[in-house]
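Secondary and tertiary structure notes
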Number of protein chains: 2
Amino acid sequence: MDKVFRALADPGRRRLLDRLHEENGQTLAQLCAPLAMSRQAVTKHLAILEEANLVVAVRKGREKRHYLNPVPIHDIAERWIHKFEQGRLRALADLKKKLEGEADG
Amino acid sequence: MDKVFRALADPGRRRLLDRLHEENGQTLAQLCAPLAMSRQAVTKHLAILEEANLVVAVRKGREKRHYLNPVPIHDIAERWIHKFEQGRLRALADLKKKLEGEADG
DNA sequence: TTGACATGCAACCGTTTGGTTGCATAATCG
DNA sequence: CGATTATGCAACCAAACGGTTGCATGTCAA
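Okay, so let's go over this structure.

Reading the values: rules and limits
Residues numbered from 1 in each chain as written. Chains lettered and ligands numbered in written order. Predicted model: local features only at pLDDT ≥ 70, side-chain atom pairs only at ≥ 80, totals over all residues. Heavy atoms only, no water. Helix = DSSP H or I, 4+ residues; strand = E, 2+ residues; numbered from the N terminus. Buried < 20%, exposed > 50% of the residue type's maximum accessible area, 1.4 Å probe, protein only. Lys, Arg positive; Asp, Glu negative; His and termini not counted. Salt bridge = Lys/Arg side-chain N within 4 Å of Asp/Glu carboxyl O. Polar contact = N/O pair within 3.5 Å; in protein donor to acceptor, adjacent residues only side chain to side chain. Contact = heavy atoms within 4.5 Å. Near = heavy atom within 4 Å. Nonpolar A, V, L, I, M, F, W, Y, C, P; charged D, E, K, R; others polar. Pairing = 2+ DSSP bridges.

Re the side chain of B:Arg19
All names here are of chain B.
- Position of arginine 19 among the secondary structure elements: in helix 2 (residues 11-22).
- Of the side chains with opposite charge, glutamate 22 comes closest to the buried, unpaired arginine 19, at an N-O distance of 4.9 Å.
- Within the structure, arginine 19 has its side chain in polar contact with the backbone oxygen of glutamine 30 (distance 3.2 Å).
- Contacts of arginine 19, omitting those with residues within four sequence positions, involve Gln26, Gln30, Leu31, Pro34 and Leu35.

Let's talk about the protein's contact with DNA strand C
- With respect to spatial proximity, 22 residues lie near DNA strand C, and among them A:Ser38, A:Lys44, A:His45, B:Ala29 and B:Arg39 are the closest.
- At a separation of 2.8 Å, a phosphate oxygen of DNA strand C approaches a polar backbone atom of B:Ala29.
- Those elements giving two or more residues to the surface near DNA strand C turn out to be helix 4 (39-51) of chain A together with helix 3 (28-32), helix 4 (39-51) and strand 3 (63-68) of chain B.
- Here the element with the most residues in the surface near DNA strand C is helix 4 of chain A; it accounts for four residues.
- Per-class residue counts for the surface near DNA strand C are four nonpolar, six polar and twelve charged.

A short note on the protein's contact with DNA strand D
- Taken together, 22 residues form the shell around DNA strand D, and within it A:Ala29, B:Ser38, B:Lys44, B:His45 and B:Gly61 come nearest.
- When the atoms of DNA strand D within 4 Å of the protein are grouped by moiety, sugar and phosphate amount to 59% of the total.
- B:Arg62 has a polar side-chain atom sitting 3.5 Å from a base oxygen of DNA strand D.
- Only helix 3 (28-32), helix 4 and strand 3 (63-68) of chain A together with helix 4 of chain B provide two or more residues apiece to the surface near DNA strand D.
- Among the elements that line the surface near DNA strand D, the one with the most residues is helix 4 of chain B, at four residues.

Quick look at the sheet that holds strand 3 of chain B
- Strand order in the open sheet formed by three strands is 1-3-2 (chain B), and the pairing between neighbours is antiparallel. Each edge of the open sheet carries a strand with a single partner, namely strand 1 (26-27) and strand 2 (55-60) of chain B.

Purely geometric stuff here, so don't read any function into it on its own.
Below, the structure written as structure tokens:
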């Protein structure tokens, strides 16, 4: 779970996930192409995404195809985001109350 | 959006959000208490959470009460997670197919 | 006013991060 | 075979991160 959050912390890596979401199974070279970053930098980002299990790579000859794994994102939504969505309106009410200069706490 | 992802990348900060979710409006001292970390470290984490607008602080005399703002988390769920939840089953199918050693790509 | 409590600010420090460059390896093509 | 393509590995580097310590400020209470 922590690895997933950390992996998502970098905009470049989120961009890579977006790209794979648009077109799954891309190679390293394909992913690098429009990214204003060296191939090796992208390699490292992909390694971090793989480490977090957000991306699964499959070698095919001299190419390496990258596939999006949606499970960790789903898990975060379920186990973490969901919790905060529950009390959401209450929290917003708390907040608004305080920000409106409520005298007493 | 980037600030939110970055803020969520640290387990200590997620912990702080969890604590505020359990009990909203806690002071710095209250939040530090069980955290095996110096008060100043917590201050920095809270500053990052405030910067990301995940926490809103209100001074009350010599105390500073911290309130959870659920909006950025909601936004991430809406604008980012949701997208991946859409194609989720398809992506999983793609992945499974490849991992099962599908000959042709 | 004095003391204690709650927080703020700033300097410093080791480690991690995100990136680079250079070279090595492996697979396809002619 | 040799050239080209696709990727891997390693060393290096500046900047950001997460944390510390020391001191300053502001507020409540006796």
